[in-house]
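Understanding the architecture of this molecule
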Amino acid sequence: MMATPVIAEDVLGQLQSMQRQIQALQDEVQQKQDQIDLMRNKIDQVIKQQELQQSELSRSSEAVEPNSPKAEQSPSTKAATAKSAKNISDDEVLFSDAEVFASGEEKESWPGWLNTFNINGNTALRFEAGSSNNPNQQFNQGFTDTFRLSDFNLDFSFEPTSVLDVKLGLQIKELITKNPVRQGLKIDDTGVFNHQFVIKYAYADYEFKEWFRLRFGAFLTPFGVYNESLHSDYDSKMIERPFLSEEIVPAPWTQLGVQLHGDADISPAWQLNYAVYMSNGLEAVPDDNGVLKNTTRISDMSHQLVSRFNSNRVTGGRVGVLANDGQHHFELGLSAYHGAWNPNATLNLNMVGSDIWYHYNGLDLRAEWALAAQEMALGKYHNYSWFTQAAYRWRLYEPVVRFDRLRNRYADTIGAVVPVIDERHRYSVGMNLYLGKFFILKTSYSATTFSVPRRHDHRFISALTAGF
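The structure displayed is predicted, hence computed values, not measured ones.

This part is about unusual backbone geometry. Residue P252 is reached from A251 by a cis peptide bond, and omega for that bond is -5°. Relative to the helices and strands, P252 resides in the loop between α6 (244-248) and β8 (254-265). Phi is positive for A345, close to 55°, though the residue is something other than glycine. Along the polypeptide, A345 turns up in the loop between β11 (328-340) and β12 (348-360). Even without being a glycine, R395 presents a positive backbone phi close to 55°. Within the secondary structure, R395 sits in the loop between β14 (379-392) and β15 (397-412).

Inspection of the secondary structure assignment puts Q259 in strand β8. Once residues lying within four places of it in the same chain are set aside, the contact partners of Q259 are R213, L214, R215, F219, P222, A275, V276 and Y277.

A full pass over the atoms with the stated rule returns 20 salt bridges. Note that R426 and D404 form a salt bridge whose closest N and O atoms lie 3.1 Å from each other. With a gap of 22 residues between them, R426 in strand β16 (residues 420-434) and D404 in strand β15 connect regions that are remote in the sequence. Residue R426 shares its accessibility class with D404, and that shared class is buried. Via salt bridges that share partners, R126, E128, R148, D233, E240, D404, R426 and R459 belong to a single interconnected network.

Bringing the packing of aromatic side chains into the picture now. A complete count under the given rule lists 15 aromatic pairs for this structure. The interplanar angle of 45° and the centroid separation of 5.3 Å between the aromatic rings of W253 and Y337 together place this pair among those described as tilted. With W253 in the loop between α6 and β8 and Y337 in strand β11, this pair connects stretches of sequence that are 84 residues apart. Across the pair, exposure class does not vary: W253 and Y337 are buried alike. Positioned above the aromatic ring of F243, the side-chain terminus of R426 is 3.9 Å from the ring centre. When the ring centre of F450 is taken as reference, the NZ or CZ atom of R455 above it lies at 3.8 Å.

Let us now look at the confidence of the model for the chain. Summarising the model, the chain shows a mean pLDDT of 79, and 74% of its residues fall at 70 or more. Within the chain, the element-level pLDDT minimum falls on helix α2 (residues 69-72), averaging 39, and the maximum on strand β9 (residues 270-279), averaging 96. For residues 62-98, every residue scores under 50 in pLDDT, and the model assigns this stretch 70 contacts once sequence neighbours within four places are set aside.

This brings us to the pairing of strand β13 (residues 363-375). Bridge analysis of β12 against β13 gives 12 bridges, and the strand direction is antiparallel. Within β13, the position partnered with V352 by the bridge is L371. Relative to β14, β13 runs antiparallel, the two being bridged by 13 bridges. Each residue of the ladder has a partner; that of E375, found in β14, is K380. Between β13 and β14, which pair antiparallel one after the other, the connecting turn spans three residues.

With that out of the way, let us pick up the nonpolar core. Judged by nonpolar contacts, the single largest core of 25 residues is most densely connected at L282, Y337, W341, L349 and M351. Elements supplying a minimum of two residues to this core: β6 (192-209), β7 (212-220), α6, α7 (298-301), β12 and β13. Discounting chain neighbours no more than four positions away, the residues touching Y337 are F223, W253, Q255, Y277, G281, L282, V314, T315, G316, L349, N350 and M351. Within the second largest apolar cluster, five residues are counted, among which are V225, Y226, L230 and F387.

The next thing to look at is a nonpolar patch on the surface. Judged by side-chain polarity, I7, V11, L12, L15 and M18 come together as a nonpolar surface patch covering roughly 470 Å² of accessible area. By secondary structure assignment, the location of L12 is in helix α1 (residues 3-62). For L12, a relative accessible area of 47% puts it in the partly exposed group.

Criteria and thresholds
- Residues numbered from 1 in each chain as written.
- Predicted model: local features only at pLDDT ≥ 70, side-chain atom pairs only at ≥ 80, totals over all residues.
- Heavy atoms only, no water.
- Helix = DSSP H or I, 4+ residues; strand = E, 2+ residues; numbered from the N terminus.
- Contact = heavy atoms within 4.5 Å.
- Salt bridge = Lys/Arg side-chain N within 4 Å of Asp/Glu carboxyl O.
- Buried < 20%, exposed > 50% of the residue type's maximum accessible area, 1.4 Å probe, protein only.
- Phe/Tyr/Trp six-rings, centres within 6.5 Å; stacked < 30°, edge-to-face > 60°.
- Lys NZ or Arg CZ within 6 Å of the ring centre and 35° of its normal.
- pLDDT = per-residue confidence, 0-100.
- Pairing = 2+ DSSP bridges.
- Core = buried A, V, L, I, M, F, W, Y, C linked by side-chain atoms within 4.5 Å.
- Patch = residues over 30% accessible without salt bridge, like charges linked within 9 Å, V, L, I, M, F, W, Y side chains within 5 Å.
- Areas by Shrake-Rupley, 256 points an atom, 1.4 Å probe, with all protein chains shown as cover.

What follows is the structure, given as structure tokens:
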């Protein structure tokens, strides 16, 4: 009779032990569940961050300027911008619904167009020094050791609808009425230097298709790549512009007219792009007696957007192919230009050129050439120029080397005057130091040989550039 209570106590002890084990298992399961919930929360946070980053990247890709280096170093950001812009409702126009706008209702929909407004630009402060072996000619026609505000650009963009893109570019330009020249100890200081804002571009783009866009207004001339993408000190590898971009295609060179342009994918890695335009072109200014002033050089006529006397229209364009497999970037382009430049539209300027670019990791190779045949009253100018450039980016440092050449030849039509030939050669070396995300300190040295008059110039330039 005494055995029964003992057995009962033993069974009760086993039940209590099993209950403790079950409780321990339940605690462990709850702990695992808490860990799973924590991991789920972290995963949700990561997904939200990725979605936010993708949204920011999408907005930033829409804001990239087609003439910027980013657009240049990829096959095309225009297509990505167009595709992302398609997600914006066509109803989000500037004054789509006055009642909704006035009441403040649906605030998440009507400000969509406002988010497309962007302001960016760049600036550069130069310090220049140089010398010449010609005692009657100071280097660069009068400049001595000095600071210069060589570049300041403001770029505005706005997309009132998903198919319309409006852009405005302003530049502080150094206008020179006459270069002061130092002759020994005597200085001809009658030269006039001043700065003022000029319109670099002001146009609207209407997209029918990715391969068919209409651009109208003032736009940068699509001749080569340097004029559209690399004319600012911030974007170019070498501070000093090549002869080609000073004498033949004076960057930035603006046209006023209409342009058709677009791009089409040939394959996943290859793309074809084009731009054709009709514009006012160049125009020399006559004096009161009808005689042309000394402004027949292309660079002296490149900012005259309104034709007052020349009713002849200019035609031109560029076609290019781009390749990008993720590592290797390649671009090849052909350009042409034709139009009259004198008031009577009897003298023409014809230009052809090509450009090539290759980029791999930190290596950047570029070359461009152009030939201009400018008819004169009793002869013809043939201006030929090319440059080749190599740069390599290693961490914060980027050494650059460049060689460029210019050859000007004038011959009259009857052979009464001996042809005048002006040849220039320039060797340049530079070093770019990337101080931050938007700051670059650029330093270069160049040695130039002139044939008319015969002399050697040496030039040192250091520039602090900033983009914003």
